[in-house]
Structures are given as C-alpha cells and as structure tokens.
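Here's the letter readout for the chains.
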Amino acid sequence: MKQTSISHRIAPRQGQRGFTLIELLVVLAIIGLLAGLVGPQVIKHLGESKSKTAKLQIEELSSALDMYRLDVGRYPNAGEGLAALVEQPASATYWNGPYLRKKKMPTDPWNTPYHYVMPGQHGKFDIFSLGADNAEGGEGEDQDIKSWD
C-alpha cells in the first residue's frame, strides 16, 4: 500500500479584519457606563457589611463579658478594659479565659479598637465603635455602632 500525504495550504481569508478604533471606543464607553451604575451600589453594600460586622463583633464581646462576669463575679473595670477577656488581670482570681476564640482583641472593621465604658451609661457596660470616620455621630458608614441599640 502506498501512503499519500495530503498537504493543505492555509491561505489567509480575504476580507477578514480586526476591530476598528470606533468599535473599541463604543465597547469601552458601555463598560464605563455599567461601572458607573454598578460601582456605587457595590460600595454602598460594602459599607453596610462593615457596619453589620461591627455589630456582630460587639455582640460577641458582650457575650464574652457576660462569661467573664460569671467566672470573676464582676465585669472588667475601665482600667482592665476589654483586654481582660484575653489576658488575666491581677485582680481577677477566678478568671477562666481567654473568653474570645481567637485569643486576641478584635478591632472594628476600620482597624480601630472598640471603646469600652464601665460602668456604662446605657447598661452595665457600654461597647461602641465610632464608625469609619472615628468621630461621634455620622450617617451611613460613619455612624456609630453601639451595644445599646
């Protein structure tokens, strides 16, 4: 048997072309419009998620403070602060911590330590974050997140 080899010639197609500059600009303009419409909504939800995270962390800290009180018989004083949840204060005889899973003090989603006031003005203790602007008051992502709300 005789083997024959067939060779195909690949010839460039006539009339084949790339995208024109105008077509590329139209596509980029459409992408820009979509980003302009969708971007602010994504940023808004990002800010809301940080506020929700802060609220959940404050609830976790409040629960840890309640466990601390059950063991020690009192809440940490202002001098001991929230650090008493991860390191035994000298005055806490029956300390059975650390009371936080990660064994370190969390910061709020804006990398600022939580504020702890003992005795609290709104409860037995107050825990709060001042939000993204780290100043009292504000709206949106700048609003204060508090344990008493």
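Further up the page is the structure itself.
Right, let's walk through the structure included here. Bear in mind that the values here come from a model prediction, so they are computed numbers and not experimental data. Note that residues are indexed from 1 along each chain, following the sequence as it is written. Where local features are concerned, this predicted model is filtered to residues with pLDDT of at least 70; where side-chain atom pairs are given and counted, the filter is 80 or more; whole-chain, interface and lining totals use all residues. In computing side-chain values, all of the structure's heavy atoms are included and hydrogens and water are not.

**What about the environment of Asp-66?**
- Locating Asp-66 in the fold gives a position in helix α1 (residues 21-72).
- Linking Asp-66 and Tyr-99, residues 33 residues apart in sequence, is a C-alpha distance of 9.6 Å.
- Residue contacts for Asp-66: discarding those within four places in its chain leaves Tyr-75 and Phe-125. Counting from the N terminus, the helices are the DSSP runs of H or I reaching at least four residues and the strands are the DSSP runs of E reaching at least two. Contacts: residue pairs with any heavy atoms within 4.5 Å of one another.

**Some remarks on a nonpolar patch on the surface**
- On the surface, Leu-21, Leu-25, Val-27, Leu-28 and Ile-31 cluster together to form a nonpolar patch covering roughly 510 Å² of accessible area.
- Note that Ile-31 resides in helix α1.
- A 1.4 Å probe rolled over the protein chains alone gives each residue an accessible area, and that area as a share of the maximum for its type sets the label: buried under 20%, exposed over 50%, partly exposed in between. According to the relative accessible area criterion, Ile-31 is partly exposed, its value standing at 49%. Here the term patch refers to residues with relative accessible area over 30% and no salt bridge, with like charges joined within 9 Å and nonpolar side chains (Val, Leu, Ile, Met, Phe, Trp, Tyr) within 5 Å. Per-residue and other accessible areas were derived by the Shrake-Rupley procedure at a 1.4 Å probe size, with only the shown protein chains allowed to occlude residues. Note on definitions: salt bridges are taken to be side-chain nitrogens of Lys or Arg within 4 Å of carboxyl oxygens of Asp or Glu.

**Section: the sheet that holds strand β3 (residues 145-146)**
- Two strands qualify as a pair provided DSSP detects at least 2 bridges between them. Across the sheet, which stays open at both edges, the three strands sit in the order β1-β2-β3 with antiparallel pairing between neighbours. Strands with a single pairing partner mark the edges of an open sheet, and in this sheet they are β1 (115-117) and β3.
- In terms of strand pairing, β1 meets strand β2 (residues 126-129) through three bridges, oriented antiparallel. Opposite Tyr-116, over in β2, you have Ile-127 as the bridge partner.

**Re the packing of aromatic side chains**
- Each Phe, Tyr or Trp ring (for Trp, its six-membered ring) is paired with any other whose centre lies within 6.5 Å, and the angle between the two planes then decides the class: stacked below 30 degrees, edge-to-face above 60, tilted in between. A complete count under the given rule lists five aromatic pairs for this structure.
- Their ring planes at 85° and their centres at 5.7 Å tell us that Trp-95 and Tyr-99 sit as a pair that is edge-to-face. Neither residue differs from the other here; Trp-95 and Tyr-99 are each classed as buried.
- A ring pair is formed by Tyr-116 and Phe-125, whose centres lie 6.4 Å apart and whose planes are at 35°; its orientation type is tilted.
- Under the relative-accessibility criterion, Tyr-116 is labelled buried at 13%.
- Taking relative accessible area as the criterion, Phe-125 reaches 12% and is therefore assigned buried.
- Members of the aromatic cluster, joined through ring pairs, are Tyr-68, Trp-95 and Tyr-99.

**Regarding the side chain of Asp-108**
- Within the secondary structure layout, Asp-108 lies in the loop between α1 and β1.
- Note that His is not counted, nor are the chain ends; the positive residues are Lys and Arg, and the negative ones are Asp and Glu. For Asp-108, which is buried and forms no salt bridge, the nearest opposite charge comes from Lys-50, at a distance of 8.6 Å.
- The contacts of Asp-108, once residues within four sequence positions are left out, are Gln-57, Tyr-114 and Ser-129.

**Concerning the side chain of Ser-51**
- Relative to the assigned elements, Ser-51 resides in helix α1.
- Leaving out residues up to four positions away in the same chain, Ser-51 has contacts with Trp-110, Gly-140, Glu-141 and Ile-145.

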